[in-house]
Amino acid sequence: MKPLTALAIVIVLAISSPYAICQRGGPRQDPDRRHDMETFQFLLRHRDEITRKVTELPDGVETLTESENSEVVDKLRDHVEAMHQRLKTGRPIHMRDSLFRAVFQHADQIEMKIEETANGLKVRETSEDPYVVKLIQAHAEVLNQFLAKGHEEVHKDHPTPAQDAP
């Protein structure tokens, strides 16, 4: 075998290996993914220590999520900021779920304002698009179900709201 042919084979194998694919941009390449998942799992384990109030607005929702446990508060703040960054930078997560997939597909139409409270945060998610408002409101309800039911709910696929005909 000629040296250049052997080199070409090595390059092709290196480029097509699962590790290389992950490094080039597959879902496992995301350097924050593990941290975000660990934070989410922590919050699921401590869901009984979290209170959440959702107020539906004509253009979205306002949520108040708090805890008396300072470690949980820190994780809540970390999680919300990480998800905000994912929306802003187009780095989706939980894409096997139809609702989450739709939310990330419309991320550029979602405005998020985060305000820290003494024991957590208040988040206002809004959109000018009526369908995206439905997505925001459905997502808020699914998060309530995550807190109520834990892993049982996380493993479900959550349908997207119907789009109204033009």
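Refer to the structure printed above.
Residues numbered from 1 in each chain as written. Predicted model: local features only at pLDDT ≥ 70, side-chain atom pairs only at ≥ 80, totals over all residues. Heavy atoms only, no water.

Undergrad: Requested: an account of the overall build of the protein chain, with residues and values cited.
TA: Within the protein chain, the regular secondary structure consists of 7 helices and 4 strands. When its helices and strands are written in sequence order, the protein chain yields α-α-α-β-β-α-α-β-β-α-α. The proportion of buried residues among the 166 residues of the protein chain is 39%. Nonlocal contacts in the protein chain, meaning residues at least 24 apart in sequence, comprise 63% of its contacts between residues at least 6 apart. When the accessible surface of the protein chain is split by element, carbon and sulfur atoms take 55% of a total near 10300 Å². (Helix = DSSP H or I, 4+ residues; strand = E, 2+ residues; numbered from the N terminus. Buried < 20%, exposed > 50% of the residue type's maximum accessible area, 1.4 Å probe, protein only. Contact = heavy atoms within 4.5 Å. Areas by Shrake-Rupley, 256 points an atom, 1.4 Å probe, with all protein chains shown as cover.)

Undergrad: Pulling in residues and values, what's your account of a negative patch on the surface?
TA: Together, D48, E49, E71 and D74 give the surface a local cluster of negative charge. With respect to the element layout, E49 can be found in the loop between α3 (33–45) and β1 (50–57). (Patch = residues over 30% accessible without salt bridge, like charges linked within 9 Å, V, L, I, M, F, W, Y side chains within 5 Å. Salt bridge = Lys/Arg side-chain N within 4 Å of Asp/Glu carboxyl O. Lys, Arg positive; Asp, Glu negative; His and termini not counted. Charge placed at Lys NZ, Arg CZ, Asp CG, Glu CD.)

Undergrad: Requested: an account of the packing of aromatic side chains, with residues and values cited.
TA: Under the counting rule described, the total for this entry stands at 2 aromatic pairs. For the ring pair F40 and F146, a centre distance of 5.8 Å and an interplane angle of 70° mean the geometry is edge-to-face. Taken together, the positions of F40 in helix α3 and F146 in helix α6 (residues 130–149) put the pair 106 residues apart, joining distant regions of the chain. According to the relative accessible area criterion, F40 is buried, its value standing at 16%. (Phe/Tyr/Trp six-rings, centres within 6.5 Å; stacked < 30°, edge-to-face > 60°.)

Undergrad: I'd like to hear about the side chain of S127, residue by residue, with values.
TA: If you trace the backbone, S127 turns up in the loop between β4 (120–126) and α6. For S127, the side chain forms a polar contact with the main-chain oxygen of Q109, separated by 2.7 Å. Among all residues touching S127, those that are not within four sequence positions of it are D59, Q109, V132, V133 and I136. (Polar contact = N/O pair within 3.5 Å; in protein donor to acceptor, adjacent residues only side chain to side chain.)

Undergrad: Describe the nonpolar core, listing the residues and the values that go with them.
TA: Soluble globular proteins tend to pack their nonpolar side chains together in the buried interior. In this structure, L87, L99, V103, I110, L135 and F146 are the most contacted members of the largest nonpolar core, which totals 27 residues. Counting residues per element, the ones that place at least two in this core are α3, α4 (70–89), α5 (98–105), β4 and α6. When residues no more than four places from it in sequence are discounted, the contact partners of L135 are L99, A102, V103, H106, T160 and P161. Counting residues in each nonpolar core, the second largest holds 5 residues, with F42, L43, I50 and L76 among its members. (Core = buried A, V, L, I, M, F, W, Y, C linked by side-chain atoms within 4.5 Å.)

Undergrad: Provide a residue-level description of empty space enclosed by the protein, including the pertinent values.
TA: Across all of its chains, the model carries 1 cavity of 30 Å³ or more by this definition. By volume, the largest cavity amounts to about 620 Å³. As for the largest cavity, its lining consists of 27 residues, and the residues nearest its centre are F40, H79, M83, H139 and L143. Among the secondary structure elements, those contributing two or more residues to the lining of the largest cavity are α3, β1, β2 (60–67), α4, α5, β4 and α6. (1 Å grid on protein atoms, 1.4 Å probe; cavity = no way out; pocket = protein on both sides within 12 Å on 5 of 7 lines; lining within 4 Å. Points joined across faces, edges and corners; volume = space filled by probe spheres on them.)

Undergrad: Explain the packing of α5 against α6 to me, and be specific about the residues and the numbers.
TA: Put simply, α5 and α6 touch, their axes get as near as 10 Å, and they point 140° apart. If you check the angle between α5 and α6, you find them oblique. Judged by the sense of rotation from one axis to the other, the crossing of α5 with α6 is left-handed. Every residue of α6 that contacts α5 at L99, F100, A102 and V103 is listed here: L135, A138, H139, V142, L143 and F146. (Axes fitted to C-alpha atoms, helices over the stretch in contact; angles between N-to-C directions. Parallel < 35°, antiparallel > 145°, perpendicular 65-115°, else oblique. Left-handed = near helix turned anticlockwise from the far one by under 90°.)

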